[in-house]
Amino acid sequence: MLLVAPGGAAPLFRSFLGAIEGVVGTPYDLRLAAGAFEPEASTLEHAVQSLESFVRESMSMPVHLVGHSGGGAVALAFAAAHPRLLASLTASEPPWVGSSEAGNIGFLDDLRRVVELPTDEVSGAFARLYAASDDVVAELPPFDDAQVRILRAVAIEYQRAHLDLDKLQEVDVPVLLPYGSHSSNHMAVTATWLAGQFKRARVLQIPGANHFDLWVLGAAQLAEAWMAMSSPPTEAAEQARGR
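Residues numbered from 1 in each chain as written. Predicted model: local features only at pLDDT ≥ 70, side-chain atom pairs only at ≥ 80, totals over all residues. Heavy atoms only, no water.

Caption draft 1: Highlighting the confidence of the model for the protein. Confidence in the prediction for the protein averages 78 pLDDT; 74% of positions are at 70 or higher. Note that residues 32–41 has pLDDT below 50 and, in this model, 19 contacts with residues that lie over four places away or in other chains. Segment residues 234–241: pLDDT under 50, and three contacts once partners within four positions in sequence are set aside and those in other chains are kept. (pLDDT = per-residue confidence, 0-100. Contact = heavy atoms within 4.5 Å.)

Caption draft 2: Quick look at helix α12 (residues 219–230). Counted at 1.5 Å a residue, the expected span for α12 with its 12 residues is 16 Å, and the 16 Å between its end C-alpha atoms agrees. Turning to α12, its buried residues are Ala219, Leu222, Ala223, Ala225, Trp226, Met229 and Ser230. (Helix = DSSP H or I, 4+ residues; strand = E, 2+ residues; numbered from the N terminus. Expected span 1.5 Å × (residues − 1). Buried < 20%, exposed > 50% of the residue type's maximum accessible area, 1.4 Å probe, protein only.)

Caption draft 3: Broad picture of the packing of helix α3 (residues 44–58) against helix α4 (residues 70–81). Where α3 meets α4, the closest approach of the two axes is 9 Å, and the angle between their N-to-C directions is 70°. Relative to α4, the element α3 is oriented roughly perpendicular. When the axes of α3 and α4 are compared, the crossing they make is right-handed. Of the residues in α4, those in contact with Leu44, Ala47, Val48, Leu51, Glu52 and Val55 of α3 are Ala73, Val74, Ala77, Phe78 and Ala81. (Axes fitted to C-alpha atoms, helices over the stretch in contact; angles between N-to-C directions. Parallel < 35°, antiparallel > 145°, perpendicular 65-115°, else oblique. Left-handed = near helix turned anticlockwise from the far one by under 90°.)

Caption draft 4: Representation of the nonpolar core. One finds Leu65, Phe78, Leu86 and Leu89 to be the most contacted residues of the largest nonpolar core, which totals 48 residues. For this core, the leading source of residues is α4, giving seven residues. In contact with leucine 89, not counting residues within four places along its chain, are Leu65, Ala75, Leu76, Ala79, Val173, Pro174, Val175, Leu176, Phe198 and Met229. With 17 residues, the next largest nonpolar core counts Leu2, Phe16, Ala209 and Met229 among its residues. (Core = buried A, V, L, I, M, F, W, Y, C linked by side-chain atoms within 4.5 Å.)

Caption draft 5: Examining the side chain of histidine 82 more closely. If you trace the backbone, histidine 82 turns up in the loop between α4 and β4 (86–92). The contact partners of histidine 82, leaving out residues within four places of it in the chain, are Val48, Glu52 and Arg56.

Caption draft 6: How the structure looks around the environment of glutamine 169. Mapped onto the elements of the fold, glutamine 169 is located in the loop between α9 (165–168) and β5 (175–180). Each C-alpha atom, one on glutamine 169 and one on glycine 196, is 9.4 Å from the other, the two residues being 27 residues apart in sequence. Among residues more than four places away in sequence, those in contact with glutamine 169 are Gly196, Gln197, Phe198 and Lys199. Side-chain polar atoms of glutamine 169 contact the backbone oxygen of glutamine 197, separated by 2.8 Å. (Polar contact = N/O pair within 3.5 Å; in protein donor to acceptor, adjacent residues only side chain to side chain.)

Caption draft 7: Structural context of the environment of arginine 200. Along the chain, the position of arginine 200 falls in the loop between α10 (185–195) and β6 (201–206). With 29 residues separating them in the primary sequence, arginine 200 and valine 171 have C-alpha atoms 8.5 Å apart. A polar atom in the side chain of arginine 200 sits 3.0 Å from the backbone oxygen of aspartate 172.

Caption draft 8: Broad picture of unusual backbone geometry. Each neighbour pair has its own omega, and for methionine 61 with proline 62 the value is 0°, a cis peptide bond. Residue position: proline 62 is located in the loop between α3 and β3 (63–68). Residue serine 69 is not a glycine yet carries a positive backbone phi of 60°. As for its placement among the helices and strands, serine 69 is situated in the loop between β3 and α4. Phi angles above zero are rare outside glycine, and glutamate 93 is one such case at about 50°. Relative to the elements of secondary structure, glutamate 93 occurs in the loop between β4 and α5 (105–115).

Caption draft 9: Highlighting the pairing of strand β1 (residues 2–5). Covered by surrounding structure in β1 are Leu2 and Val4 together with Leu3 and Ala5, the residues of both alternating faces. In the sheet, β1 pairs with β3 via four bridges, with the strands oriented parallel. Considered in β3, the bridge of leucine 3 is made with leucine 65. (Pairing = 2+ DSSP bridges.)

Rendered as structure tokens:
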């Protein structure tokens, strides 16, 4: 079964899900699971625990897990905690995992500065942090007070959270790490670094896409890559892996 975990905008996955033939995706609202309306409850551990409960109670295991942005960070943490519950993992542009180890240490500092800005300045600065194009900044709707409050809580969590990198080596399923060519360089660096932490990972650049439209502009390419990755392995492929 396919489970999608968006960071903040579930509709982003509609084009992707529509491009996958014969597969029904189940959206999971991490904004609620992570306590989006109670910032003090917005912890990575809480999100992973909620996702685990949902998977065990509502889905056939193992699952194909797809996460984007904050959902990508949760998906990675879920994989580290529960590798046996996964059939495959897709994590696109997670905002924090591997930042310091990958030479991206400035990203978390920049994120902290962004969320400390006055509310009316946060959305523009946030867009500049994630995407390379000024056009994206102009198109992103301004955040309201509630969204900024949640973002501040999550940014603090990104600073505090720790991922057991050794556990990622236990994730013996196909892993896809997409990023947009028009996203900030942080996203490409982190995807490349993360690929080295898994046994079976592929980095996929989506031409012309940025952090906010990756799963819309890249829907067809992502669907093709996901279907190829999640298809049952052939006997020859299994024999090759065993060598």
